[in-house]
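Listed below are the residues making up each chain.
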Amino acid sequence: MKSAVETLNPTRVRLTVEVPFEELKDSLDAAYKKINQQVTVKGFRKGKVPARVIDQRFGRGAVLEEAVNDALPKFYTEAVNEAELNPLGQPEVDITELKDGETLNFTAEVDIRPTIEIPDYSGIEVEVDAVEVTEEDVDKAVEELRERFASTAPVERAAEEGDVVTIDLEAKVEGEVLEDGIANGVSYTIGSGELLDGVDAAVTGLSADQEATFASELKGGSAVGKEAEVTVKVTQVAKRELPELDDEFAQLASEFDTLEELRADSRKRLENMKQYDQATQAQERVLEKLLELVEVPVPEKLLEDEINTRKHNLEHHQLGQMGLDLEKYLEIQGKTAEEFDTETREAAVKGIKTQFVLDQLVNQEKHNVNQEELTEHLMRRAASSGMSPDQFAQAVVEGGQVPLLVGEVARGKALAAVVEKAVVKDTNGEIIDLDDEEEDETAEAPAADAEEAPAEAKADDAEADAKADKAEEKTEG
C-alpha cells in the first residue's frame, strides 16, 4: 500500500491511497465466506459453494463490493498512522479506481487536530474579586439559617405578606379545566415567587375558605406558555414565627453553644466559599488570557457539529425538563434568535479551542493521571450527576468513557499548572497565593465544562480507529 497526504487547510487533509490487489486477498476470502453463509445454491451444501459459482450466480461485483467495504477501514487506519495524523470525526471516502485483479485507489478527506504552538505563558496576569466578608454578609447567612428553623401557627385573619397559606388551585384554558390543572393542599409562602405570577396578589387579603380568580401564563404542564384562568382557594392561613437570635437558637441550629460562635463559623464558611469562587475565577480568567496568546484554527465541520450538539442538548434535554421550548426560553432571556446563535457559536468555538490548547499542554508538559486522581474526579462527577459512585462508574465503563474522564483530569492539571505560573491579584492589589489543593479541586471545572459538548474534540487514536470502521458506509451505494 502507498499513501500520500495533501494539506487542504490547517485543519483538513486529503489522503490518497493506492492498494495493490493482492493486499485485498484476505478481504476477498472473507467476502466469499460471508456470501456463502447467506445464499443457497441447488447442488451444493450451504457454505460450500465454490467461488466461481458465486461469481457466476451473483456477480463478481457483489464480492468486490463486500471485500472493499471490509478492507477500507483497515487501509484508511494504516494511512492515518503512517502519516501520524490526529483525525477528528468520520472521513469522507471516495473510491477513485477499482480494477479487478489490479488495484484499488481511494481518497479520504478528514478533519485533523491542528498543530498548535504554545508560547511562554509565565507572564499571564489576572485580577480577581477580593475575599471580603462583611457583617451584613454574616447577618444574612444567620438570618437564612433562622428562616429554616421558623415555625408556623394558624391564625384567624386575612393572609399577609410572609404568611404561609394552604391553597387549592384550578387552572382553565379556554374555559376547560386542564387534566393536570388541579392541585390541592399546596403550601405556599406569600411573596416567595415560587408559584404562578399573580398568585401573591390574589391570596393577599383572603381568609380561610375564601377564593379568588386571576389570569396567569402557565410555567409548566400540558398547556405550558398558555394564558390560563386560575381559581385559588385558601384553606388555611398560618403566620411564620422566627426563633429568637440567642444562644438557645445557636444550640438548636448548630453544634455551637453560643450565638457568637455560630456567627464566627458562618463568617469562616463564607470566607471559604469566596476563596473557592476566587480560585475558580482565577482559572477562568487565566484560561481566557491563555487562549488569547494561542492561534487555534477551528475545523468548520467540527464547529458545526458542536453547535448542533449544544442546541440539541438545550432544546431536547434542559428545556424539555423545564417544559419550555426554545422560543419561550429566548423570550424569558430577552434574546433574539440571532443573539442566541451568536452566543452559541462563540461558546462552541471557545470550548473547542480550550480542549485543543489544554490537550497540547498535557502532551507538552507530560501530565499523567494516576488512579487516585481519576477516582476523586469520578466521585465528583457522580455527585453532580445525581448517581451513586458505583452506578456512575459502571455507566462510564460500559459506555467506554474512561479515556474521556482521564482527559478531563489531565486537562484540569494542565490548567492548574498554568494558573500556578500566573500572577493573580485581587481588586485590592494583593497577590493571591492559590495553594495546590485549591487548584486541584477547581481546575477541572473550566476544562470539563469546555469539553462537555465536545462531541467536539474526542479524537484520540482509539476513536479514530472506531470511526474509520464506518468508512465503509461512504462506499456503499
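Residues numbered from 1 in each chain as written. Predicted model: local features only at pLDDT ≥ 70, side-chain atom pairs only at ≥ 80, totals over all residues. Heavy atoms only, no water.

**Details of the side chain of Ser27**
So, step 1. With respect to the element layout, Ser27 can be found in helix H1 (residues 25–38).
So, step 2. Once you skip the residues sitting within four places of it in the chain, Ser27 turns out to touch Ala67, Asp70 and Ala71. (Helix = DSSP H or I, 4+ residues; strand = E, 2+ residues; numbered from the N terminus. Contact = heavy atoms within 4.5 Å.)

**Quick notes on the pairing of strand S10 (residues 227–241)**
So, step 1. Summarising the sheet, strand S6 (residues 151–154) and S10 pair through 4 bridges and their orientation is antiparallel. Within the sheet, the bridge partner assigned to Pro154 lies in S10 and is Ala238.
So, step 2. Relative to S10, strand S7 (residues 164–173) runs antiparallel, the two being bridged by 9 bridges. Paired with Leu169 across the bridge in S10 is Val232.
So, step 3. By the bridge criterion, 7 bridges tie strand S9 (residues 211–217) to S10 in an arrangement that is antiparallel. In the sheet register, Ala215 faces S10, and the bridge partner there is Glu229. (Pairing = 2+ DSSP bridges.)

**Some points on the sheet that holds strand S4 (residues 103–112)**
So, step 1. A sheet is described by the order of its strands in space; here 4 strands give the open sequence S1-S2-S4-S3, paired in antiparallel fashion. Both edges of this open sheet fall to strand S1 (2–9) and strand S3 (87–99), since each of them pairs with a single strand only. Neighbour-to-neighbour, the strand axes of the sheet open up by a mean angle of 20°, direction not taken into account.
So, step 2. Both strand S2 (residues 12–20) and S4 contribute to a ladder of 9 bridges, which runs antiparallel. Bridge assignment links Leu15 to a residue of S4, and that residue is Ala108.
So, step 3. With respect to the sheet, helix H3 (residues 60–83) is in contact with S1, S2, S3 and S4, its orientation differing from that of S3 by roughly 125°. (Axes fitted to C-alpha atoms, helices over the stretch in contact; angles between N-to-C directions.)

**Section: the UniProt feature "domain: PPIase FKBP-type" (unreviewed entry) in the chain**
So, step 1. The residues that UniProt annotates with the feature "domain: PPIase FKBP-type" (unreviewed entry) are residues 162–214.
So, step 2. Annotation note: span residues 162–214, helix share 9%, strand share 53%, distance between end C-alpha atoms 20 Å. (UniProt positions renumbered as here; feature names shortened; annotations may be inferred.)

**So, a nonpolar patch on the surface**
So, step 1. Residues Val397, Val402 and Val406 make up a contiguous nonpolar surface patch of about 220 Å² in total accessible area.
So, step 2. Topologically, Val406 is positioned in helix H13 (residues 402–421). (Patch = residues over 30% accessible without salt bridge, like charges linked within 9 Å, V, L, I, M, F, W, Y side chains within 5 Å. Areas by Shrake-Rupley, 256 points an atom, 1.4 Å probe, with all protein chains shown as cover. Salt bridge = Lys/Arg side-chain N within 4 Å of Asp/Glu carboxyl O.)

**Overview of the nonpolar core**
So, step 1. The biggest cluster of nonpolar side chains holds 35 residues, and the ones touching the most others in it are Ile124, Leu290, Val357 and Leu361.
So, step 2. Counting only elements with at least two residues in this core, the list comes to strand S5 (125–128), helix H7 (259–293), helix H8 (300–322), helix H10 (337–365) and H13.
So, step 3. Of the residues forming this core, the biggest block, 7 residues, is contributed by H10.
So, step 4. Among all residues touching Ile124, those that are not within four sequence positions of it are Val286, Lys289, Leu290, Leu293, Val418, Ala422 and Val423. (Core = buried A, V, L, I, M, F, W, Y, C linked by side-chain atoms within 4.5 Å. Buried < 20%, exposed > 50% of the residue type's maximum accessible area, 1.4 Å probe, protein only.)

**Quick look at the pattern of salt bridges**
So, step 1. By the definition in use, this model includes 31 salt bridges.
So, step 2. For the salt bridge of Asp139 with Arg263, the shortest nitrogen-to-oxygen distance reads 2.9 Å. Here Asp139, found in helix H4 (residues 135–148), pairs with Arg263, found in helix H7; they are 124 residues apart in sequence, far enough to count as distant.
So, step 3. Take Asp139: its relative accessible area is 38%, and that puts it in the partly exposed class.
So, step 4. Owing to a relative accessible area of 23%, Arg263 belongs among the partly exposed residues under this scheme.

**Overview of unusual backbone geometry**
So, step 1. The phi torsion at Glu84 lies on the positive side, around 55°, for a residue other than glycine.
So, step 2. Relative to the helices and strands, Glu84 resides in the loop between H3 and S3.
So, step 3. A positive phi angle, near 55°, is found at Glu174, a position not held by glycine.
So, step 4. Residue Glu174 is classed as exposed on the basis of its relative accessible area, which comes to 78%.

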